[in-house]
Amino acid sequence: MAHLEPQALAQYIDHTLLAPDASREQIAALCREAAEHGFYSVCVNSGQVPHAAQCLEGQRVNICAVVGFPLGAGLSDTKAFEAERAIAAGAGEVDMVLNIGWLKDGLFDQVRDDIAQVLQACGQVPLKVILENCLLTDAEKVKACEICRELKVAFVKTSTGFSRSGATVEDVALMRRTVGPDIGVKASGGVRDYPTALAMIEAGATRLGTSSGIAIIGGALAAGEGY
């Protein structure tokens, strides 16, 4: 993959604003930018979904809500309820954080049940499961991906962007090898420019979570000028 045209690249991008102090005007601007550049979705906290839905009325941009964010350590039924309410408010995708402590303790049945409860609440709405790879060993990453593959979630996702570090090419490749071809892989955290975005896609990412979508598209446009 030597080059991706900006229009094609835009469909990989979840245009993201998850800061706790994000204002309504900033969310509105995020939505305007997503519509203007043809991004796949905006990714916002669940409490911002109703406002984003108003801003995007009539637009072909999805809304992705994060759930149990950013720690993943809440009660499973609370996560499921948050997902259900976010969908009712207009979310067309849900990104949940799995219970990292349970995973590290080897409580795999509990991890599976945690994800399954949210998956059930999502119904037909795609669920992405955030692993927070920077806190995990490779063996733990693989186990989480195997659980997600068994449950047939829509995506596994590298990171919240709120912990020690974000996506790496190596992690994306590991996740892709583990889940196989039928589940999406979302690279999130630290994807800020076109070369990084392209590297993640080449490693197996099918979605990119980033607040730098406009810069990435600009980089793709500049790279294309040499062809």
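Residues numbered from 1 in each chain as written. Predicted model: local features only at pLDDT ≥ 70, side-chain atom pairs only at ≥ 80, totals over all residues. Heavy atoms only, no water.

This is how it is decided: UniProt positions are given in the numbering used here, feature names are shortened, and annotations may be inferred rather than shown by experiment.
Going by what an unreviewed UniProt entry lists, the protein chain is known as Deoxyribose-phosphate aldolase and is assigned to Pseudomonas mandelii. Of the comments in the UniProt record for the protein chain, the one headed Function (unreviewed entry) reads "Catalyzes a reversible aldol reaction between acetaldehyde and D-glyceraldehyde 3-phosphate to generate 2-deoxy-D-ribose 5-phosphate." Database annotation for the protein chain, UniProt heading Pathway (unreviewed entry): "Carbohydrate degradation; 2-deoxy-D-ribose 1-phosphate degradation; D-glyceraldehyde 3-phosphate and acetaldehyde from 2-deoxy-alpha-D-ribose 1-phosphate: step 2/2."

## Observations concerning the overall build of the protein chain
Selection rule: Here a helix means four or more residues in a row that DSSP labels H or I, a strand means two or more in a row labelled E, and each is numbered from the N terminus. Note on classification: 1.4 Å probe, protein chains only; a residue is buried when its accessible area is under 20% of the maximum for its type, exposed when over 50%, partly exposed between these limits. Contact criterion: two residues are considered in contact whenever any of their non-hydrogen atoms come within 4.5 Å of each other. Only the protein chains shown count as cover for residues, and all accessible areas are computed by the Shrake-Rupley method using a 1.4 Å probe.
Helices and strands together make up the secondary structure of the protein chain, namely ten helices and eight strands. Its C-alpha atoms put the protein chain at 50 × 35 × 30 Å along the principal axes. Per-residue burial for the protein chain yields a buried fraction of 50% across its 227 residues. Sequence separation of 24 or more characterises 69% of the internal contacts of the protein chain that already satisfy a separation of 6 or more. Total accessible area on the protein chain stands at roughly 10,100 Å², and carbon and sulfur atoms take up 51% of it.

## What about the UniProt feature "active site" (unreviewed entry) in the protein chain?
The UniProt record marks Asp 95, Lys 157 and Lys 186 with the feature "active site" (unreviewed entry), using the residue numbering of this structure. In summary, the annotated positions, though distributed over 92 residues, converge in three dimensions, the widest C-alpha pair being only 10.0 Å. By the secondary structure assignment, Asp 95 is in strand β4 (residues 93-97). In this structure Asp 95 comes out as buried when scored by relative accessible area, which is 0%. Discounting residues that sit within four places of it in the chain, Asp 95 has contacts with Cys 43, Cys 64, Ala 65, Val 66, Val 67, Lys 128, Ile 130, Lys 157 and Lys 186. Topologically, Lys 186 is positioned in strand β7 (residues 184-188).

## Observations concerning the layout of surface pockets
What counts is decided by this rule: Cavities and pockets were defined on a 1 Å grid built from protein atoms only: a cavity is a group of points that admits a 1.4 Å probe but offers it no way out, a pocket is an open group of points flanked by protein on both sides within 12 Å along at least five of seven lines, and a lining residue is one with an atom within 4 Å of any such point. Grid points are joined across faces, edges and corners, and a volume is the space filled by probe spheres set on the points. As a working rule, the residues Ala, Val, Leu, Ile, Met, Phe, Trp, Tyr, Cys and Pro are called nonpolar, Asp, Glu, Lys and Arg charged, and the rest polar, with Gly in that last group.
Of the voids in this model, the largest pocket is the one considered here, and its volume is about 310 Å³. Contributing to the lining of the largest pocket are 19 residues, with Thr 160, Gly 161, Gly 189, Gly 190 and Ser 211 lying nearest its centre. Elements represented by at least two residues in the lining of the largest pocket include exactly β1 (13-17) and β8 (207-210). Class assignment for the residues of the lining of the largest pocket results in five nonpolar, 13 polar and one charged.

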